[in-house]
Amino acid sequence: MFQVKRSPQVFDVVVVGSGAGGGTTVKVLTDLGISVALLEAGPMLNPAKDFKEHVLPYQVDHRGAGPHAEEYFGRQQWGYFSAPNGYWDIDGEPYTVAKDNEFRWFRSRIIGGRTNHYGRISLRFADYDFKPYSTDGLGTDWPVTYDEIAPYYDKAEGFIGVTGTKEGIRSAPDGNFLPPIPPRVHEVLVQKACKKLDIPCIPSRMAMLTRPLNGRAACHYCGQCGRGCQTASAFSSSQAMIFPALKTGKLTIFTGAMARELISDGSGKVTAVSYVDKQNRTEKQIRCRAVVVAASACESARLLLNSKSPRFSAGLANSSGQVGRNLTDTVGYGLNGHIPALEGLPRHNSDGIGGMHVYVPWWLLDKKEKEFPRGYHIEIGGGFGMPQIGSFHGACRAHEGYGKQLKDHIRLGYGTGIGLAGRGEMIPNEHTYCDIDPHGVDQWGIPVLRFHWRWSEHEIKQAKHMHQTFVNIIEAMGGTANGLRNPERESGGISVGGTIIHEAGTVIMGSDPAKSVLKKFCKAHEVKNLFVADAAPFVSNPDKNVTLSIVAFAWRASEYLAEEMRKGNV
Ligand SMILES: Cc1cc2nc3c(=O)[nH]c(=O)nc-3n(C[C@H](O)[C@H](O)[C@H](O)COP(=O)(O)OP(=O)(O)OC[C@H]3O[C@@H](n4cnc5c(N)ncnc54)[C@H](O)[C@@H]3O)c2cc1C
Ligand code: SF4
């Protein structure tokens, strides 16, 4: 007979998901002495075993080109060397996309979630980002101001460690920075070109340590952050937050635990989280005084939508019907350029950190009569990094023959390319949202999400502006633009929804319960012990990558929750 096992213990707080939001919540609450149970759908992470930071291709079968050497033949895969358990498609855990729509969803299933994989670009939202409606009449204002969240940006940067310089640029607020990383040769050339065009190009703001911090070693500039960092010099919530929280004795971790439903009582309070124990496919319940959902923006919406009860027939805390709505991703467009000035330079180690050392913040804030609302920043790629599997596919396609001739051709061209990637703000629209697909369940029997996606003219015009800017920069470098940066992930001159991996807005905060799900501290309007701590509460998705803001808002929500518990309000 089917039986649900209930935990005898009642935890103060159950946190669902261990990424940026869940990791921060666990850290803040356990530091305050609160007992936390963390439910994570993936397995435990063991950095020493799982991260292949310094593994060289020749050390593994087929040089890591896949079990059947797929990479040699140009087939895309999420590489062997990358931090583990990050997927565009998870076996047995599908999602669907509405007819004629395009959307792709990158998910990680492991302690630390996507913070094991992410690029660590860490930008604060600016003051005007919290007032989009007041600025241009589109979207909705946040119930929070920059001044209210700034102290939490300070805490977040101070704890995770973010490089940068104080620049006094309104679109790129200054923060609590570690020393910056000096630019490399291709970046110096980009800076010079930007100067000619009157575009700022400043040291990047990255969650990588240029000094030791909180027991984490300083970066040794191997350039492999995407593989996971053994010394925890690149921030991940697993290494920087969850492992230290375990030492407090206040944290119990349940891995392989896929939350299925939040159980609420007649008064509307959550009493337990029901989850599937993946190891033995049994259903279990874990009891709690409060729950913080931080499963990533779309998974959090899915969990609420799947938590139906007589009182909440459209899903928990969803009387407004807003759960799943207001979905956004970042607008993406990228272009490569060939820069002859980089040809024939003496080869040298230019690894640096695993990412850019300089970037371009939005620079046209004060321009009148722009072609599109809002703005974008530019991320810069290039350099003479260690070649990887597939690095020379392009050169081999472009050149007839093999042997010395081919090698000379590769040597001449290697490191002479730069990549410019625009990352801009999308405005929420009524055609873009996720809901539960009435026809699909995953391998655990949990109803799956269905995505609906449409870019509006605002985003399409913005991507066109990016193209022209990138051509201008490449030509100012004396180079030629030669192709889309990510052809497999862009269609019609703009990224496919979801592929910039900055989903936000599916459980928004606001002051009006008819139009929003959460109050300003990320607590549900309708359920007083339910909090959401990922990017789902974000009312807009400014052109700044979301993760630093997830940490800041989760920190603030967790302190508030702890205080509410202390007062007996939860
Ligand atoms: C390659 C890559 C590059 C990126 N670069 C940047 C960047 O440079 N800057 C930036 O700001 N952001 C970047 N991002 C995005 C960044 O990773 C995410 O914004 C961030 O990790 C989101 O944190 P989160 O807590 O919302 O969720 P996640 O990090 O996705 O973690 C969610 C966790 O919840 C678990 N989970 C999901 N559902 C359930 C369930 N039902 N029950 C139990 N557990 C569940 C998952 O297994 C996962 O571990 C990048 C992402 C990728 C993949
Ligand atoms: S470049 Fe620095 S932060 Fe990145 S993996 Fe290497 S040591 Fe870690």
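Throughout what follows, the structure given in this document is the object of discussion. Everything numeric in this text was worked out from a predicted model, so none of it was measured. Per chain, residues are indexed from 1 in the order of the written sequence. Following the order in which they are written, the chains are lettered starting with A and the ligands numbered starting with 1. Only residues with pLDDT of at least 70 get local features here, since the model is predicted, and only at 80 or more are side-chain atom pairs given and counted; chain-wide, interface and lining totals rely on the full set of residues. Side-chain measures here rest on the full set of heavy atoms in the structure, leaving out hydrogens and waters.

Moving on, we get to empty space enclosed by the protein. Think of a 1 Å grid over just the protein atoms. A cavity is a set of points where a 1.4 Å probe fits yet cannot get out, a pocket is an open set with protein on both sides within 12 Å along at least five of seven lines, and lining residues have an atom within 4 Å of a point. Grid points are joined across faces, edges and corners, and a volume is the space filled by probe spheres set on the points. Summed over all chains, the structure comprises three cavities of 30 Å³ or more. Considering only enclosed or pocket space, the largest cavity measures out at about 90 Å³ in volume. Looking at the largest cavity, it is lined by 13 residues, and the ones nearest its centre are Cys219, Cys222, Cys225, Cys229 and Ser233. Class assignment for the residues of the lining of the largest cavity results in eight nonpolar, four polar and one charged. What the second largest cavity holds in volume is close to 60 Å³. Residues are sorted three ways: Asp, Glu, Lys and Arg are charged, Ala, Val, Leu, Ile, Met, Phe, Trp, Tyr, Cys and Pro are nonpolar, and all the rest, Gly among them, are polar.

When the sulfur atoms of two cysteines come within 2.5 Å, that pair is taken as a disulfide. The final tally for this structure, using the stated rule, is zero disulfides. Distance from the sulfur of Cys434, which forms no disulfide, to the nearest cysteine sulfur (Cys298) is 4.6 Å.

Below, the discussion takes up the sheet that holds strand β17 (residues 480-484). The pairing criterion is simple: DSSP has to find at least two bridges between the two strands. A run of DSSP states H or I qualifies as a helix once it reaches four residues; a run of E qualifies as a strand once it reaches two. Both are numbered from the N-terminal end. Strand order in this open sheet of six strands is β6-β12-β13-β14-β11-β17, and the pairing throughout is antiparallel. Of all strands in the sheet, those bounded by a partner on one side alone are β6 (202-203) and β17. Relative to strand β14 (residues 417-424), strand β11 (residues 331-338) runs antiparallel, the two being bridged by eight bridges. Across the sheet, Asn336 pairs through a bridge with Gly419, a residue of β14.

Turning our eyes to something else, we now look at the side chain of Thr469. Relative to the helices and strands, Thr469 resides in helix α10 (residues 457-476). Side-chain polar atoms of Thr469 contact the side chain of Tyr376, separated by 2.7 Å. Any pair of residues with heavy atoms lying within 4.5 Å of one another is described as a contacting pair. Residue contacts for Thr469: discarding those within four places in its chain leaves Ile199, Trp363, Tyr376 and Ile378. In protein, a polar contact requires one atom able to donate a hydrogen and another able to accept it; more generally it is a pair of N or O atoms within 3.5 Å, and residues adjacent in sequence count only if both atoms are side-chain atoms.

Take the side chain of Ser82 next. Structurally, Ser82 is set in the loop between α2 (47-50) and β3 (86-87). Those residues in contact with Ser82 that sit more than four places away from it in its chain are Gly226 and Arg227.

Here we take up the site of ligand 2. The rule for a residue being near a molecule or strand is that one of its heavy atoms must lie within 4 Å of it. Around ligand 2 sit 14 residues in total, of which Cys219, Cys222, Gly223, Cys225 and Cys229 are the nearest. For the shell around ligand 2, the per-class residue count stands at seven nonpolar, six polar and one charged.

The environment of ligand 1 is formed by 35 residues, the closest being Glu40, Arg114, Gly119, Ala259 and Thr547. The side chain of Arg109 places a nitrogen or oxygen atom 3.4 Å from an oxygen atom of ligand 1. All accessible areas in this document rest on Shrake-Rupley with a 1.4 Å probe, and a residue is counted as covered only by the protein chains that are shown. Relative to its free-state accessible area of 1,000 Å², ligand 1 is covered by the protein chains to the extent of 94%. Elements with a contribution of two residues or more to the shell around ligand 1: α1 (20-31), β8 (257-264) and α11 (547-566). Looking at the shell around ligand 1, the element that brings in the most residues is β8, giving three residues. Here the residues of the shell around ligand 1 are counted per class, giving 16 nonpolar, 13 polar and six charged.

So, on to the packing of aromatic side chains. For this analysis, a ring pair means two rings from Phe, Tyr or Trp (six-membered ring only for Trp) whose centres lie within 6.5 Å, classed as stacked if their planes differ by under 30 degrees, edge-to-face if by over 60, and tilted for the remaining angles. In this structure the tally under the stated criterion is 31 aromatic pairs. Aromatic pair Phe130 and Phe553: ring centres 6.4 Å apart, planes at 40 degrees, arrangement tilted. Linking Phe130 in the loop between β5 (107-108) and α3 (132-136) with Phe553 in helix α11, this pair joins segments that are 423 residues apart in sequence. A ring pair is formed by Phe159 and Trp555, whose centres lie 6.1 Å apart and whose planes are at 70 degrees; its orientation type is edge-to-face. Taken together, the positions of Phe159 in helix α4 (residues 146-160) and Trp555 in helix α11 put the pair 396 residues apart, joining distant regions of the chain. Members of the aromatic cluster, joined through ring pairs, are Phe125, Phe130, Trp142, Tyr146, Tyr153, Phe538 and Phe553. Whether a charge sits over a ring comes down to the Lys NZ or Arg CZ being within 6 Å of the ring centre and within 35 degrees of the ring normal. Geometry around Phe159 places Lys27 over its ring, the cationic atom sitting 4.2 Å from the centre. We note Arg104 situated over the ring of Trp88; from NZ or CZ to the ring centre the distance is 4.7 Å.

It is worth spelling out the nonpolar core at this point. Counting residues in hydrophobic clusters, the biggest one holds 136 residues, and the most contacted among them are Leu262, Val291 and Leu530. Examining the composition of this core, we find that eleven residues originate from one element, α11, more than from any other. With near-sequence residues (within four places) excluded, Val291 lies in contact with Val14, Val16, Leu262, Val270, Val273, Asn529, Leu530 and Phe531. We define the nonpolar core as a collection of buried residues of types Ala, Val, Leu, Ile, Met, Phe, Trp, Tyr and Cys that are connected through side-chain atoms lying within 4.5 Å of one another. Relative accessibility decides the category of a residue: with a 1.4 Å probe and only protein chains considered, values under 20% of the type maximum give buried, values over 50% give exposed, and everything between is partly exposed. Membership of the second largest hydrophobic core comes to 14 residues, among which are Ala172, Ile181, Ile202 and Met206.

Let us look at the pairing of strand β15 (residues 433-441). Every regular strand shows the same layout, with side chains that alternate between the two sheet faces. Bridge count between β15 and strand β16 (residues 447-452): five bridges; the pairing is antiparallel. Within the sheet, the bridge partner assigned to Cys434 lies in β16 and is Phe451. Connecting the antiparallel pair β15 and β16 is a turn made up of five residues, with Gly445 showing a positive phi of about 85 degrees.

So, on to the environment of His357. With respect to the secondary-structure elements, His357 resides in the loop between β11 and β12 (358-360). Once the C-alpha coordinates of His357 and Gly164 are considered, the two residues, 193 residues apart in sequence, prove to be 9.6 Å apart. Setting aside residues up to four positions removed in sequence, His357 forms contacts with Ile181, Pro182, Pro183, Arg184, Glu187, Ile202, Pro203, Ser204 and Gly352. A distance of 3.1 Å separates the side chain of His357 from the backbone nitrogen of Ile353, its partner in a polar contact.

Shape descriptors only; they carry no functional weight alone.
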